[in-house]
Amino acid sequence: MLGMPLSRAKVLRRCGAVVLVGALTVVLPGSAWSESAMGAPVFGPMPLGGLGEALGGLGEAMPLGGLGEAMPLVGLQGHRAGRRALSTGVSLTPSKSEPYWACPEGVCEAIVDPPAVRVAGHWALPDGARALEGGGVNGGYDPKDLQSAYDIHTSGGERQERYEEGQTVAVVEAGDDPTAEADLEEYRKQYELGPCTAASGCFRKVNEVGEEDEPPLPDEGWELETSLDLDMVSAACPHCHILLAEASEESIGDLAASANTAARLGASEISNSYGQPEEDCEDACRQYDADYDHPGVVVAVSAGDYGYDNYLEGADSPSFPASSPYVIAVGGTSLHRVEATKGRKWSEAVWWEGESGVGTGSGCSGSEPKPVWQSDTGCAGRTDNDVAAVGSCETPVSVYSTYYSGWVNVCGTSVSSPLVAGIEAHAGEGQGTAVPTADAFYEDKSSLYDVAKGSNGICKPKYLCDAEAQTHGYDGPAGNGTPANGPVAVAGEAPSVRSEPPAGGETLRGVVDPNGLATTYCFEYGTTISYGTCVPAGEASAGSGTGAVSVSDALTGVPPGLYHYRLVASNRDGSNYGVDELFDATPPTVSGVAPGSGW
């Protein structure tokens, strides 16, 4: 076994407490190892430097230096394989009694639920016969359930259909799924979503560089991930076009290149259901940030399934690319029906299943800078997450996959990312604009459901992993909440601006429409149309509303003369300028007195 080839990245994984070599599992001495009352192992990371001593004779048979040359660590899942092997509730191989990983050694985030059983007239999970609440095949949530939970309107008439057809939602996968289109057809037929085929122009499949006739080699571990992503996009936006972008390999670099290709081919939304802990690539992941930087495009990324900072205590290690400031980091929730006479008939909590050792990812980045639209003070870098949606294995979704012999229930943040991307495809309906980046979820929280229950780890300050700490506010696991009232309806365009003639005295006037984005303004002025000076000097806020706002500022202390001025307003999507106006700062002169005499 020690003579096995090391050319494939999937053969061996580095991890904190375990090294997997083929079927061999080696427990490393010196790792922070203990067992809980249920027998579940608890461990901490171990520096790679101690690996050679821990392996002893194995190090002689396979020098560590050769391992580094054969398999660079950047691009691997690192710690993940070890935790998966030690988990008591999530299996590395298909199981009839417990959840298992679709990509047991890969970077995709899909988890497969065990086959449901019939109990007292309903579908249930085999461990304790917990009832499933979905209306789909085998009890998973179907499109009608998801549309109800997130208030997604899919029957708005011809105008809405035309808008959705103008949206192209891309999903980024690794390796080819030969039956992707056929599986999508089965899902859409079962749930009466209408066809979406290559022949009709609705569905398109390309490789990493955008070619349609040269797919990559199939990757069996990713076939379910592909089906899941395509099905969730269909559930959220049945009339949208779908682009499947398949990376040559499952490395972060190839996947990032595929996301970039999707944007180049015109995708309006892009879902990425994969990730690896920042610790495994350190600053190397940041070189791929530019592949996700596409203003005007919704780029959603799964936050991962390993809790706060990927269980790496003190490591500041959320999953990349969810930690990139150019994406929408999407966490996972558990979604349950509730009895209610009015209001929402669904409730959500942070996804965490301690018995399985899985739950929504989130964290505090140690390498990515804090975006200007985040104001939380407990994390100096980029904080995950921004928004969340269903991902719990106790509340799975129903999907169709030929590789899994038909219908299967699936969970993980691989569910929530394509679902959010599909929901946000509706954001510009009636406005002609779409929500381009994560800051929209911070600017308009009116359509979000505040997730106020649950935790996904241990952290300080608590809001980074504890939803209960900041009710009606931001927290790490669920971000600003879930899109319970449909898409966030923040427009995505530069502000509208109009300069107005000066009022009496020395007051410059104008009107600004922020078009739904945080907007600042100032009046440029000068003795020529080159202007040169701005008041107020530090710019002022025009708010982030969707209506006209009157603004003004006094021009004082300037030498006498005739001045040109115009109103300038700026937001995330650009700047606009009002027309040139004139202001006469010449003081009045006394030309006479009337009456000439008298009291």
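Residues numbered from 1 in each chain as written. Predicted model: local features only at pLDDT ≥ 70, side-chain atom pairs only at ≥ 80, totals over all residues. Heavy atoms only, no water.

1. Structural notes on the pattern of salt bridges
Pairing of side chains with opposite charge becomes possible as their charged atoms draw close.
Then step 1. Applying the stated criterion across every chain yields a total of 12 salt bridges.
Then step 2. Between Lys205 and Asp176 there is a salt bridge; the shortest N-O distance is 2.9 Å. One end of the pair, Lys205, is in strand S11 (residues 203-207); the other, Asp176, is in the loop between strand S10 (168-174) and helix H7 (180-190), and 29 residues separate them in sequence.
Then step 3. Taking the relative accessible area as the measure of exposure, Asp176 reaches 7% and is therefore buried. (Salt bridge = Lys/Arg side-chain N within 4 Å of Asp/Glu carboxyl O. Helix = DSSP H or I, 4+ residues; strand = E, 2+ residues; numbered from the N terminus. Buried < 20%, exposed > 50% of the residue type's maximum accessible area, 1.4 Å probe, protein only.)

2. Description of the pairing of strand S24 (residues 397-401)
Then step 1. Taken across its five residues, S24 has five buried, putting it largely inside the fold.
Then step 2. Across the two faces of S24 the burial is the same, with Val397, Val399 and Ser401 and Ser398 and Tyr400 all buried.
Then step 3. Bridge count for S24 against strand S25 (residues 406-411) is five bridges, and the pairing is antiparallel. Across the sheet, the residue bridging to Ser401 is Gly406, located in S25.
Then step 4. Between the antiparallel neighbours S24 and S25 lie four residues, among them Ser405 with a positive phi of about 65 degrees. (Pairing = 2+ DSSP bridges.)

3. Examining the sheet that holds strand S30 (residues 549-554)
Then step 1. What the three strands build is an open sheet, ordered S26-S27-S30; its pairing is antiparallel. Two strands lie at the open edges of the sheet, namely strand S26 (496-500) and S30, each paired on one side alone. Across the sheet, the mean angle separating the axes of adjacent strands is 25 degrees when strand polarity is ignored.
Then step 2. When strand S27 (residues 507-513) meets S30, the two strands line up antiparallel, connected through six bridges. Looking at S30, one finds that Val512 is bridged to Val549. (Axes fitted to C-alpha atoms, helices over the stretch in contact; angles between N-to-C directions.)

4. Overview of the sheet that holds S25
Then step 1. Spatially, the four strands line up as an open sheet ordered S6-S7-S25-S24, and their pairing is antiparallel. Since the sheet does not close on itself, it has two edges, and those belong to strand S6 (100-101) and S24, each with one partner.
Then step 2. In terms of strand pairing, strand S7 (residues 111-112) meets S25 through two bridges, oriented antiparallel. By the bridge assignment, Val112 is partnered in S25 with Val410.
Then step 3. Packing against the sheet, H7 makes contact with S24 and S25, and its axis sits at approximately 135 degrees to S24. (Contact = heavy atoms within 4.5 Å.)

5. Structural notes on the environment of Asp127
Then step 1. Looking at where Asp127 falls in the secondary structure, it is placed in the loop between strand S9 (122-124) and helix H5 (143-149).
Then step 2. Sequence separation between Asp127 and Ala116 is 11 residues; the distance between their C-alpha atoms is 9.7 Å.

6. What to know about helix H11 (residues 413-424)
Then step 1. In a regular helix each residue adds 1.5 Å, so 12 residues correspond to 16 Å; H11 covers 17 Å between its end C-alpha atoms and thus fits that length.
Then step 2. Among the 12 residues that make up H11, 12 are buried, leaving the element largely enclosed by the rest of the structure.
Then step 3. Every buried residue of H11 is listed here: Thr413, Ser414, Val415, Ser416, Ser417, Pro418, Leu419, Val420, Ala421, Gly422, Ile423 and Glu424. (Expected span 1.5 Å × (residues − 1).)

7. A short note on the packing of helix H8 (residues 220-236) against H11
When two helices pack together, their arrangement is given by the angle between the helix axes and the distance between those axes.
Then step 1. One way to put it is that H8 packs onto H11 with a least axis distance of 8 Å and a crossing angle of 35 degrees. Note on packing geometry: the crossing formed by H8 with H11 is right-handed. Side by side, H8 and H11 meet where Glu225, Leu228, Asp229, Met232, Val233 and Ala236 of the first sit next to Ser414, Val415, Pro418, Leu419, Gly422 and Ile423 of the second.
Then step 2. Split into classes, the residues belonging to the contact of H8 with H11 amount to eight nonpolar, two polar and two charged. (Left-handed = near helix turned anticlockwise from the far one by under 90°. Nonpolar A, V, L, I, M, F, W, Y, C, P; charged D, E, K, R; others polar.)

8. Quick notes on the side chain of His294
Then step 1. Position of His294 relative to the elements: it lies in the loop between helix H10 (278-281) and strand S15 (298-302).
Then step 2. With relative accessibility at 16%, the residue His294 sits in the buried group.
Then step 3. Among the polar contacts listed, one links the side chain of His294 to the side chain of Asn260, at a separation of 3.1 Å.
Then step 4. Excluding its chain neighbours within four sequence positions, the residues that come into contact with His294 are Ala259, Asn260 and Ala263. (Polar contact = N/O pair within 3.5 Å; in protein donor to acceptor, adjacent residues only side chain to side chain.)

9. Focus: the state of the cysteines
Then step 1. Per the counting criterion, the structure on display carries eight disulfides.
Then step 2. The side chain of Cys237 participates in a disulfide bridge whose partner is Cys240; the two sulfur atoms lie 2.0 Å from each other. Note on the Cys237 and Cys240 pair: the S-S dihedral is about 60 degrees, so by sign convention the disulfide is right-handed. Both residues of the pair, Cys237 and Cys240, count as buried.
Then step 3. In this model, Cys522 is linked to Cys534 through a disulfide, with the two sulfur atoms separated by 1.7 Å. (Disulfide = S-S within 2.5 Å.)

10. Some words on the environment of Gly253
Then step 1. Counting through the fold element by element, Gly253 comes out in helix H9 (residues 252-264).
Then step 2. On the basis of relative accessible area, Gly253 is assigned to the buried category, the value being 19%.
Then step 3. Remark: the alpha-carbon pair of Gly253 and Cys285, spanning 32 residues in sequence, is separated by 8.3 Å.

11. Digging into unusual backbone geometry
Then step 1. In this model, Asp384 is joined to Asn385 through a cis peptide bond whose omega is 20 degrees.
Then step 2. Within the element layout of this structure, Asn385 appears in the loop between strand S22 (381-384) and strand S23 (387-390).
Then step 3. The residue after Lys460, namely Pro461, is reached through a cis peptide bond having omega -10 degrees.
Then step 4. Structurally, Pro461 is set in the loop between helix H12 (440-443) and S26.
Then step 5. Positive phi, normally seen in glycine, also occurs at Asp151, with a value near 50 degrees.
Then step 6. The residue Asp151 is located in the loop between H5 and helix H6 (158-165) in this model.
Then step 7. Its identity is not glycine, yet Tyr311 carries a phi of approximately 65 degrees, on the positive side.
Then step 8. Summarising the element assignment, Tyr311 is placed in the loop between strand S16 (306-308) and strand S17 (319-320).

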